[in-house]
Amino acid sequence: MKETKQGPEGVSASAAHAAHEVRVVFSRLRRRLRETYGRSDLTPSQTSVLSRLDKDGEASVSDLAAAEGVRHQSVAVVVGVLAERGLVDRRPDPEDGRRQLVFVTDSGHAFLEDRRRAGEGWLARALEDRCTEEERRVLLEATAVLERIVRS
């Protein structure tokens, strides 16, 4: 039987409840994963810029600011810190000598890979220790549903 009770914004109460629970659990999971990264961790802004560059390749500070939805000056500071740590570097834009392109260094790629490995290792151990095989199967099915939602 289809639920008729409405939640916020004209959606069913079950959809509103599921949205709330997914958001809360993902926030907690994100916090726990950050804890696995250790003391050399980056700020969320630094992580976001470094991850974006890792995924998208090189970009100017202006392009990064637009993509991140923040001021140019803010991204310039973030890029400066990442460069000081050796995680990114800059090179002249071959199409516009006035601009510089920022890219992830080998150290930056290694840093991100170490973070991912640490987080996934912690999560895999937790799933092994605290979940049954059936629960892990359900999680895989749920992540497929979430992926479909994200891609639509």
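Residues numbered from 1 in each chain as written. Predicted model: local features only at pLDDT ≥ 70, side-chain atom pairs only at ≥ 80, totals over all residues. Heavy atoms only, no water.

(A) Spotlight on the overall build of the protein chain. Each helix and strand counted, the protein chain has 6 helices and 2 strands in total. When the helices and strands of the protein chain are placed in sequence order, the string is α-α-α-α-β-β-α-α. By the compact-globule yardstick of 15 Å for 152 residues, the protein chain is too spread out, its C-alpha radius of gyration being 20 Å. Projected onto the principal axes, the alpha-carbon positions of the protein chain cover approximately 65 × 40 × 25 Å. Buried residues in the protein chain amount to 24% of all 152 residues. Restricting the contact set of the protein chain to residue pairs at least 6 apart, pairs at least 24 apart contribute 47%. Accessible area for the protein chain stands at about 10,900 Å²; split by element, carbon and sulfur atoms hold 54% of it. If the 26 positive side-chain charges of the protein chain are averaged to one point and the 26 negative ones to another, these points end up 5 Å apart. (Helix = DSSP H or I, 4+ residues; strand = E, 2+ residues; numbered from the N terminus. Rg over C-alpha atoms; globule rule 2.2 N^0.38 Å. Buried < 20%, exposed > 50% of the residue type's maximum accessible area, 1.4 Å probe, protein only. Contact = heavy atoms within 4.5 Å. Areas by Shrake-Rupley, 256 points an atom, 1.4 Å probe, with all protein chains shown as cover. Lys, Arg positive; Asp, Glu negative; His and termini not counted. Charge placed at Lys NZ, Arg CZ, Asp CG, Glu CD.)

(B) Seen up close, helix H3 (residues 61-68). Of all the residues in H3, the buried ones are Val-61, Leu-64 and Ala-65. Buried residues in H3, looked at end-on, bunch into an arc of 100°, giving them a common side. Just beyond H3, the residue with positive phi is Gly-69, at close to 70°. (Arc of directions from axis to C-beta.)

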